[in-house]
Amino acid sequence: MQVMRAAVAGASGYAGGEILRLLLGHPEVEIGALTAGSSAGTPLGALHPHLTPLADRVIEETAVEVLAGHDVVFLALPHGHSAALAAQLPESVAVIDCGADFRLRDEQGWTTFYDTPYAGSWAYGLPELPVGGGGRQREALAGTSHIAVPGCYPTAVSLALAPGYAAGLLSGEDVVVVAASGTSGAGKSLKAHLLGAEVMGAMSPYGVGGGHRHTPEIEQNLSTASGPGAAGVRVSFTPTLAPMPRGILATCTARLLDAASGTDAAGIRDAWAMAYADEPFVHLLPEGQWPSTASVLGSNCVHVQVTLDERVGRVVAVAAIDNLTKGTAGAAVQCMNLALGLPETTGLPMAGVAP
Ligand SMILES: NC(=O)C1=CN([C@@H]2O[C@H](COP(=O)(O)OP(=O)(O)OC[C@H]3O[C@@H](n4cnc5c(N)ncnc54)[C@H](OP(=O)(O)O)[C@@H]3O)[C@@H](O)[C@H]2O)C=CC1
Ligand SMILES: CC(=O)N[C@@H](CCC(=O)OP(=O)(O)O)C(=O)O
């Protein structure tokens, strides 16, 4: 097969760096242009010393002329930059956008949570998401040329809870999610609250009270899993910042639907086991073993566990991912594989780095 040439815009950032780490191990891809903003002209090795084979490659300016001429372009830029760039790239180029710009199908949801104009929506890049009524989201991705990579929290939360919605077990009201993220989720540019002394040894919530922009994306995904005709899903989502560089641990609880109130813990487990039996990257852990961010570090896997809190009639589902791998760059490469017609798992790590 012909080797594909891939360009990475935002190569100096955390997401761009992780895409490059994965592409270095991808057998069907040759790394083309590396572009960014203020760091144009800098050797990549000065910014990502861990990417040794690319240390001498010099970052270029992010411009259409530099990115065109590749088979695939990864956009790992701040929100609001993707639409203008993507519109100018030739149609033959597959575009995989790690930003939020094209994730939401509902314009109202976008304008409530984002401050840039609504750009529309692209095929949503969470292949494993069950689609209510049958099928998976991957069917919408095969051969598509423009894909919106999910946000990191929506990936963890959606995969934790979706089997319960696809199986018609969970109520869409009264869903509560608390998720912790490592600091790399906030990007590389220094932010006052992420300076070492403040974040080390502390866990703190942010976006409290329904203000986090991933809320509509999580609701969109769980509504997709519920299927047409089902009531929409409303989520109370609280993110927290954890003193670790990478990882997301999402703890999600939802009430059993009245119609499913006779379901016991074994029945819940069966629904999750069936949903993920054939998914290469989503692992329902053995009973009694709970996900930990340490076990998915550097891998494209999602670890999931679920149980029933019988006393209060709530399902408790927990998922762990590496926010930079399955939460961004791994998902982006998985989407590229689907867009280009390659086997979905090509070049993606199944094993984490531990201890
Ligand atoms: N970090 C994460 O866990 C996740 C990130 N994402 C998304 O991925 C995208 C990148 O995030 P992340 O890597 O964390 O962010 P970083 O802040 O680490 O990197 C941002 C990148 O964008 C470049 N950039 C900034 N402004 C411009 C500009 N005006 N023109 C060209 N390039 C520019 C930067 O270049 P320079 O350094 O030269 O200024 C840098 O390469 C964002 O949309 C983010 O929301 C999605 C899911 C999870
Ligand atoms: C710890 C932290 O700050 N995390 C980021 C989420 C990063 C992410 O998923 O990115 P998108 O911006 O692409 O949606 C946040 O909460 O904003």
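Residues numbered from 1 in each chain as written. Chains lettered and ligands numbered in written order. Predicted model: local features only at pLDDT ≥ 70, side-chain atom pairs only at ≥ 80, totals over all residues.

A.B. asks: How should I be thinking about the overall build of the protein in this particular structure?
C.D. replies: On a plain count of helices and strands, the protein comes out with 10 helices and 14 strands. Scaling as 2.2 N^0.38, a compact globule of 355 residues should have a C-alpha radius of gyration of about 20 Å, and the protein matches this with 20 Å. Expressed along its principal axes, the backbone C-alpha trace of the protein runs to roughly 60 × 45 × 40 Å. Going through the 355 residues of the protein one by one, you find that 49% of them count as buried. Looking at the protein alone, contacts between residues at least 24 apart form 72% of all its contacts between residues at least 6 apart. (Helix = DSSP H or I, 4+ residues; strand = E, 2+ residues; numbered from the N terminus. Rg over C-alpha atoms; globule rule 2.2 N^0.38 Å. Buried ≥ 20, exposed ≤ 12 C-beta atoms within 10 Å, placed from the backbone. Contact = placed C-beta atoms within 7 Å.)

A.B. asks: Looking at this structure, how should I read unusual backbone geometry?
C.D. replies: One can expect most non-glycine residues to show negative phi and most peptide bonds to be in trans. With an omega of -5°, the peptide bond running from Ala 354 to Pro 355 counts as cis. Residue position: Pro 355 is located in the segment after α10 (325–340). Look at Asp 174: it is not a glycine, yet its phi comes out positive at around 65°. Residue placement: Asp 174 occurs in the loop between α6 (152–166) and β8 (175–181).

A.B. asks: Would you explain the site of ligand 1 in this entry?
C.D. replies: The local shell around ligand 1 holds 31 residues, among which Gly 13, Gly 37, Gly 99, Gly 187 and Lys 188 are the closest. The set of elements that each furnish at least two residues to the shell around ligand 1 consists of α1 (14–24) and α10. Among the elements that make up the shell around ligand 1, the one with the highest residue count is α1 (three residues). Class assignment of the residues belonging to the shell around ligand 1 gives a composition of 11 nonpolar, 19 polar and one charged. The two domains that each donate at least three residues to the shell around ligand 1 are domain 1 (4–149 + 325–340) and domain 2 (153–321). (Near = placed C-beta within 6 Å. Nonpolar A, V, L, I, M, F, W, Y, C, P; charged D, E, K, R; others polar. Domains from an automatic or database assignment.)

A.B. asks: How should I be thinking about the site of ligand 2 in this particular structure?
C.D. replies: Taken together, Gly 99, Ala 100, Gly 151, Cys 152, Tyr 153, Ser 181, Thr 183, Gly 185, Ala 186, Pro 239 and Leu 241 form the complete shell of residues around ligand 2. Only α6 and β10 (235–241) provide two or more residues apiece to the shell around ligand 2. Of the residues belonging to the shell around ligand 2, the class tally is six nonpolar, five polar and no charged.

A.B. asks: Help me out: how do you make sense of the UniProt feature "domain: Semialdehyde dehydrogenase NAD-binding" (unreviewed entry) in the protein in this one?
C.D. replies: When the UniProt feature table is mapped to this numbering, "domain: Semialdehyde dehydrogenase NAD-binding" (unreviewed entry) covers residues 5–134. Within the segment residues 5–134, helix and strand shares are 25% and 19% respectively, and the terminal C-alpha atoms sit 35 Å apart. (UniProt positions renumbered as here; feature names shortened; annotations may be inferred.)

A.B. asks: Mind showing me how you'd approach the pairing of β8 here?
C.D. replies: Each regular strand shows side chains that alternate between the opposite faces of the sheet. Among the seven residues of β8, five are classified as buried, and the element is accordingly described as predominantly covered. Taken together, the seven bridges between β8 and β10 define a ladder with parallel strand orientation. Across the sheet, the residue bridging to Val 175 is Val 235, located in β10. Of the strand pairs in this sheet, β8 and strand β11 (residues 248–255) are connected by six bridges, and their pairing is antiparallel. Across the sheet, the residue bridging to Val 177 is Cys 252, located in β11. (Pairing = 2+ DSSP bridges.)

A.B. asks: I'm lost on the confidence of the model for the protein in this one. Help?
C.D. replies: Predicted coordinates in regions of low pLDDT should not be interpreted in detail. Overall, the predicted model of the protein reaches an average pLDDT of 96, with 98% of residues at or above 70. This complex was scored by the predictor with a pTM of 0.97 and an ipTM of 0.98. (pLDDT = per-residue confidence, 0-100.)

A.B. asks: Looking at this structure, I do not really get the sheet that holds strand β4 (residues 72–75). What am I missing?
C.D. replies: Consider a sheet: its strands pair through backbone hydrogen bonds, and that pairing is either parallel or antiparallel. In spatial order, the strands read β3-β2-β1-β4-β5-β7-β6; together these seven strands make up an open sheet with parallel pairing. Because the sheet does not close on itself, it has two edges, and the strands there are β3 (60–61) and β6 (123–124). Looking at chain direction, β6 and strand β7 (residues 146–148) are connected through two bridges and run parallel. Looking at the pairing, Tyr 124 lines up with Ala 148 of β7. Lying over the sheet, α10 contacts β1 (4–9), β4, β5 (94–97) and β7, oriented at roughly 155° with respect to β5. (Axes fitted to C-alpha atoms, helices over the stretch in contact; angles between N-to-C directions.)

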